[in-house]
Amino acid sequence: IAFTAASDRLLQTISLYKNGVIKKILITSGSANLFKKDVKEAKTVETDNAGFANNRGGLAWPVNNAIVTGRFGNQPHPTVKNVTISNSGIDFTINGKGTVKSVFEGEVIGYKEIPGYKKMLIIQHGSYFTVYSKLDEVTVDKGDKVKKGSTIGYTLAEDNGKSQLHFELWKDKTKQDPEKWLVRK
């Protein structure tokens, strides 16, 4: 049994092994009393961690015609001396409007508007998650199944003619360096 926290609510995950396939029952209530309720109320998700994990270094970029302008991890602040900043993902700068695509098949499990990050989507790929933020438009809804390369939203150009996308990749709750997962350009 594994328990993970997701966003601002508790997401409890019970892993079941059946015929060599990991199945997960996602319980979106914070109450342990849900175990006493009918399990049919919980949502079952088949997990294909190997499918996602085997694509390390081979995932397409979530946007085209972009450059990476913010790297994962701790680094010196670009303009303020002796200040370190931490980036939990990578930042892309796009010339003009950007069409944002899912890097792998999965299910949209979260959508929020966050000050400073505009609209944010979370897509689940088994026990992996991809997070897309700074979206101006979203074309999918929570619960939608998406395919690799599906358009999930758009970034719109600011006054300088550029737009941005912030992209994160998680294994359960652990943030990964997305650049290690994407095809090198």
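Coordinates for the structure precede this section.
Residues numbered from 1 in each chain as written. Predicted model: local features only at pLDDT ≥ 70, side-chain atom pairs only at ≥ 80, totals over all residues. Heavy atoms only, no water.

(A) How the structure looks around the sheet that holds strand S15 (residues 151-155). In space, the 3 strands of this open sheet follow the order S9-S15-S13, with antiparallel pairing throughout. Edge positions in the sheet fall to strand S9 (98-101) and strand S13 (137-138), since each has one partner strand and no second. Here 4 bridges tie S9 to S15, and the two strands are oriented antiparallel to one another. In the sheet register, lysine 101 faces S15, and the bridge partner there is threonine 151. (Pairing = 2+ DSSP bridges. Helix = DSSP H or I, 4+ residues; strand = E, 2+ residues; numbered from the N terminus.)

(B) The arrangement of the pattern of salt bridges in detail. Following the criterion strictly, the structure yields 5 salt bridges and no others. In this structure, the salt-bridge partner of glutamate 107 is lysine 145, at a minimum N-O distance of 3.1 Å. In this pair, glutamate 107 is assigned in strand S10 (residues 106-114) and lysine 145 in strand S14 (residues 145-146), connecting sequence segments 38 residues apart. Classification of glutamate 107 as buried rests on a relative accessible area of 7%. Measuring nitrogen to oxygen at the nearest pair gives 2.9 Å for the salt bridge that ties glutamate 158 to lysine 118. Residue glutamate 158 is located in the loop between S15 and strand S16 (162-171), and its partner lysine 118 is located in strand S11 (residues 118-125); the two are separated by 40 residues in the primary sequence. (Salt bridge = Lys/Arg side-chain N within 4 Å of Asp/Glu carboxyl O. Buried < 20%, exposed > 50% of the residue type's maximum accessible area, 1.4 Å probe, protein only.)

(C) Just the nonpolar core, in detail. Judged by nonpolar contacts, the single largest core of 26 residues is most densely connected at Leu59, Phe92, Tyr132, Ile152, Leu165 and Leu182. Counting residues per element, the ones that place at least two in this core are strand S5 (66-70), strand S8 (90-95), S11, strand S12 (128-135) and S16. Ignoring any residue separated from it by four or fewer positions in sequence, one finds isoleucine 152 in contact with Val100, Lys101, Ser102, Leu121, Ile123, Tyr132, Glu137, Val138, Thr139, Val140 and Val146. Membership of the second largest hydrophobic core comes to 6 residues, among which are Met120, Phe129, Val131 and Trp170. (Core = buried A, V, L, I, M, F, W, Y, C linked by side-chain atoms within 4.5 Å. Contact = heavy atoms within 4.5 Å.)

(D) Geometry of unusual backbone geometry. The residue asparagine 65 is not glycine, and still its phi comes out positive at about 55°. Its location among the elements puts asparagine 65 in the loop between helix H1 (49-53) and S5. Relative accessible area serves as the criterion here: at 68%, asparagine 65 is assigned to the exposed category. Although it is not a glycine, aspartate 172 adopts a positive phi angle of roughly 55°. Tracing the backbone through its elements, the reader meets aspartate 172 in the loop between S16 and strand S17 (174-176). Overall, aspartate 172 belongs to the partly exposed group, its relative accessible area being 30%.

(E) Representation of the packing of aromatic side chains within the structure. This structure, assessed with the given rule, holds 7 aromatic pairs. Considering the side-chain rings of phenylalanine 52 and tyrosine 128, the 4.7 Å spacing of their centres and the 25° angle between planes classify their relative orientation as stacked. Residue phenylalanine 52 is located in helix H1, and its partner tyrosine 128 is located in strand S12; the two are separated by 76 residues in the primary sequence. Neither residue differs from the other here; phenylalanine 52 and tyrosine 128 are each classed as buried. Each ring, one from phenylalanine 52 and one from tryptophan 181, has its centre 5.3 Å from the other, and the planes form 35°; the classification is tilted. A residue pair is termed long-range when its members are at least 10 positions apart, and phenylalanine 52 in helix H1 and tryptophan 181 in the segment after S17 qualify at 129 residues. With respect to class, phenylalanine 52 is no different from tryptophan 181; both count as buried. What links up through ring pairs into an aromatic cluster is the set Phe52, Phe104, Tyr128 and Trp181. (Phe/Tyr/Trp six-rings, centres within 6.5 Å; stacked < 30°, edge-to-face > 60°.)

(F) Here's a closer look at the environment of leucine 121. In this structure, leucine 121 sits in strand S11. For the pair leucine 121 and lysine 134, spaced 13 residues apart in sequence, the C-alpha separation works out to 9.5 Å. Other than its neighbours up to four places away in sequence, leucine 121 contacts Val108, Gly110, Tyr111, Thr130, Val131, Tyr132, Leu135, Val138, Val140 and Ile152.

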